[in-house]
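Given next are the chains, with one letter for each unit.
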Amino acid sequence: MNWTWLHKFASPPHAYRIAGRLAPWFGWPSFVLIVTGLYGGLVLAPADYQQGDGFRILYVHAPSAWMSMFIYATMAIAAGIGLVWRMKLAHAVAAASAPIGAWFTFAALATGSIWGKPMWGTWWVWDARLTSELILLFLYLGYMALRASIDDRAARTGRARCSRWSAW
């Protein structure tokens, strides 16, 4: 079977053209679903018998925490593909995912603190889950700072060669 047709999807102009056409078709339904889910979780859900209305923030917290880790895995896979097969689009996916993942991580930390104050009596506990989420936020911020600090476009896309390897 001939798979050469699949290679054009790795071309940035072709991928951007497809994404531009599909964005309204996926953007508006996802916006409607997000608003519906937020309304259902924050307004329609009944109060918990132990936590009262404070538990409703978990409808925002749990998906934010899950997405923060999922986006980090997506970044790792995209960066690996970009390094191994030298695909510019994979590097673009990793770079575009970092701010989104950082915001989801920040949202998970903020909503967890808001939930933790009435439930635990404190804004922050040095629990392994909380600390690892904070480290994940620092990883996102460090990745974005590192990409912003590199001026050489060839080095950013993985095209630069180290002098000791150039003889190979």
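None of the values given here were measured: they were computed from a predicted structure.

Caption draft 1: Representation of the confidence of the model for the protein chain in the model. For the protein chain, per-residue confidence averages 88 on the pLDDT scale, and residues scoring 70 or more make up 90% of the total. Per-residue pLDDT stays below 50 along residues 163–168; that stretch engages in 0 contacts with residues further than four places along the chain or on separate chains.

Caption draft 2: Main features of unusual backbone geometry. For Arg86, which is not glycine, the phi torsion reads 55° and is therefore positive. Along the chain, Arg86 falls in the loop between α2 (58–85) and α3 (88–120).

Caption draft 3: Geometry of the nonpolar core. Counting 8 residues, the largest nonpolar core is built from Ile71, Met75, Ala98, Ala102, Leu109, Leu136, Leu137 and Tyr140. Residue assignment for this core shows that the elements contributing at least two residues are α2, α3 and α4 (128–149). Once residues within four sequence positions are removed from consideration, Leu137 is found in contact with Ala102, Thr105, Phe106 and Leu109.

Caption draft 4: Geometry of the side chain of Ser97. If you trace the backbone, Ser97 turns up in helix α3. Within the structure, the side chain of Ser97 is placed 2.7 Å from the backbone oxygen of Val93, a separation counted as a polar contact. Ignoring anything within four residues of it in the chain, the contact list for Ser97 reads Ile71, Thr74 and Met75.

Caption draft 5: Quick look at helix α1 (residues 12–44). By the largest-angle criterion, Leu22 marks the main kink of α1, which is about 45°, and a proline, Pro24, follows within four residues. Within α1 the residues assigned to the buried category are His14, Ala15 and Gly41. Elements that come into contact with the buried residues of α1 comprise α2 and α3.

Caption draft 6: Just the packing of aromatic side chains, in detail. On inspection of all chains with the given rule, the structure shows 7 aromatic pairs. Arranged with centres 5.7 Å apart and planes meeting at 65°, the rings of Phe55 and Tyr59 form a pair that is edge-to-face. Residue classification places Tyr59 among the partly exposed residues on the basis of a relative accessible area of 44%. Between Trp115 and Trp120, the aromatic rings sit 5.3 Å apart at their centres with planes inclined by 75°, giving edge-to-face as the arrangement. Relative accessible area serves as the criterion here: at 17%, Trp115 is assigned to the buried category. Judged by relative accessible area, which is 46%, Trp120 ranks as partly exposed.

Caption draft 7: View of the packing of α3 against α4. The contact between α3 and α4 brings their axes to 9 Å, and the two run at 150°. Relative to α4, α3 is oriented roughly antiparallel. Between α3 and α4 lies a crossing of left-handed hand. The residues of α4 that touch α3, namely those facing His91, Ala94, Ala95, Ala98, Pro99, Gly101, Ala102, Thr105, Phe106, Ala108, Leu109 and Trp120, are Leu130, Glu133, Leu134, Leu136, Leu137, Tyr140, Tyr143, Met144 and Arg147. Class assignment of the residues belonging to the contact of α3 with α4 gives a composition of 16 nonpolar, 3 polar and 2 charged.

Cut-offs and rules
Residues numbered from 1 in each chain as written. Predicted model: local features only at pLDDT ≥ 70, side-chain atom pairs only at ≥ 80, totals over all residues. Heavy atoms only, no water. pLDDT = per-residue confidence, 0-100. Contact = heavy atoms within 4.5 Å. Helix = DSSP H or I, 4+ residues; strand = E, 2+ residues; numbered from the N terminus. Core = buried A, V, L, I, M, F, W, Y, C linked by side-chain atoms within 4.5 Å. Buried < 20%, exposed > 50% of the residue type's maximum accessible area, 1.4 Å probe, protein only. Polar contact = N/O pair within 3.5 Å; in protein donor to acceptor, adjacent residues only side chain to side chain. Bend = angle between axes of the 7 residues up to and from the residue. Phe/Tyr/Trp six-rings, centres within 6.5 Å; stacked < 30°, edge-to-face > 60°. Axes fitted to C-alpha atoms, helices over the stretch in contact; angles between N-to-C directions. Parallel < 35°, antiparallel > 145°, perpendicular 65-115°, else oblique. Left-handed = near helix turned anticlockwise from the far one by under 90°. Nonpolar A, V, L, I, M, F, W, Y, C, P; charged D, E, K, R; others polar.

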